[in-house]
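Chain by chain, the residues run as shown.
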Amino acid sequence: MATRLVRRSHGQARREIILPTGAPSPASMDPIVAAGDITDDGKTDFFARVGTELWALIGYHEAIISSATRLTATLWDERDIVTVGDVTGDGVADLIYRTDPDAILRLRKGITNASGSGVDLNSPASGANSADGTAS
C-alpha cells in the first residue's frame, strides 16, 4: 500500500498525496522542497531530507507522486536544502544547500540526463558527480 502525505491548501480542504511503495514516511521528511519540473516530464518534482538521507520525489500529478529515489544515504542530517532549480542558467537543475554547523552555502551544478532532457539525479546526489566535480 502506498504512503499518503496530506497537504493543506490555503488552510481549507485537505488533499491526500499518494507516494509510491518504498517511499519514506511523510512524517520523517523535513524539509520537503518543491523543485519544479527538473526531470522534464511535465510534472512537479520534490526533494526531501529524511534523517541522514536525501530523496527525490519525482512526477507529481493529480495527487500522485510517480517515484521516490534515495539519492544518498549519508550526511544530510548536517545539511539543509535551500533550493533546487537552474541557478546557473544552463538549463539544468542545480542544488543549493547549507552545511551545518559552519553555515556555508554550497552549489552542486546539475548534469543533463542521458536522454538530454532534465537532470541526471546522480549529479545533485554527490559533489563528485556534479558538473564541476567538487567533492562537497
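Residues numbered from 1 in each chain as written. Predicted model: local features only at pLDDT ≥ 70, side-chain atom pairs only at ≥ 80, totals over all residues. Heavy atoms only, no water.

Draft legend 1. View of the environment of D120. Assignment of secondary structure puts D120 in the loop between β9 (105-108) and α1 (122-125). Sequence spacing of D120 and T39 is 81 residues, and the spatial spacing of their C-alpha atoms is 7.9 Å. Setting aside residues no more than four positions away along its own chain, D120 makes contact with I111, T112 and N113. Reaching out from D120, the side chain makes a polar contact with the backbone nitrogen of N122 at a distance of 2.9 Å. (Helix = DSSP H or I, 4+ residues; strand = E, 2+ residues; numbered from the N terminus. Contact = heavy atoms within 4.5 Å. Polar contact = N/O pair within 3.5 Å; in protein donor to acceptor, adjacent residues only side chain to side chain.)

Draft legend 2. View of the sheet that holds strand β7 (residues 79-85). Taking strand neighbours across the sheet as the criterion, the 3 strands line up as β7-β8-β9 in an open arrangement whose pairing is antiparallel. In the strand order of this sheet, the two ends are held by β7 and β9, each with one partner. Averaged over all neighbouring strand pairs, the angle between strand axes comes to 25°, with direction disregarded. Judged from the 6 bridges that link them, β7 and strand β8 (residues 94-99) form a sheet pairing that is antiparallel. Among the inter-strand pairings, I81 is bridged to a residue of β8, identified as Y97. (Pairing = 2+ DSSP bridges. Axes fitted to C-alpha atoms, helices over the stretch in contact; angles between N-to-C directions.)

Draft legend 3. Structural context of the packing of aromatic side chains. For the coordinates displayed, the defined rule picks out 2 aromatic pairs. Both rings, one in F46 and one in Y60, keep their centres 6.0 Å apart while their planes meet at 80°; by these two values the pair is edge-to-face. Of this pair, F46 sits in strand β4 (residues 44-50) while Y60 sits in strand β5 (residues 53-61), placing them 14 residues apart in sequence. Given the relative accessible area of 15%, Y60 is considered buried. (Phe/Tyr/Trp six-rings, centres within 6.5 Å; stacked < 30°, edge-to-face > 60°. Buried < 20%, exposed > 50% of the residue type's maximum accessible area, 1.4 Å probe, protein only.)

Draft legend 4. Local environment of a negative patch on the surface. Together, D77, E78, D100 and D102 make up a region of like negative charge exposed at the surface. Along the polypeptide, D102 turns up in the loop between β8 and β9. On the basis of relative accessible area, D102 is assigned to the partly exposed category, the value being 43%. (Patch = residues over 30% accessible without salt bridge, like charges linked within 9 Å, V, L, I, M, F, W, Y side chains within 5 Å. Areas by Shrake-Rupley, 256 points an atom, 1.4 Å probe, with all protein chains shown as cover. Salt bridge = Lys/Arg side-chain N within 4 Å of Asp/Glu carboxyl O. Lys, Arg positive; Asp, Glu negative; His and termini not counted. Charge placed at Lys NZ, Arg CZ, Asp CG, Glu CD.)

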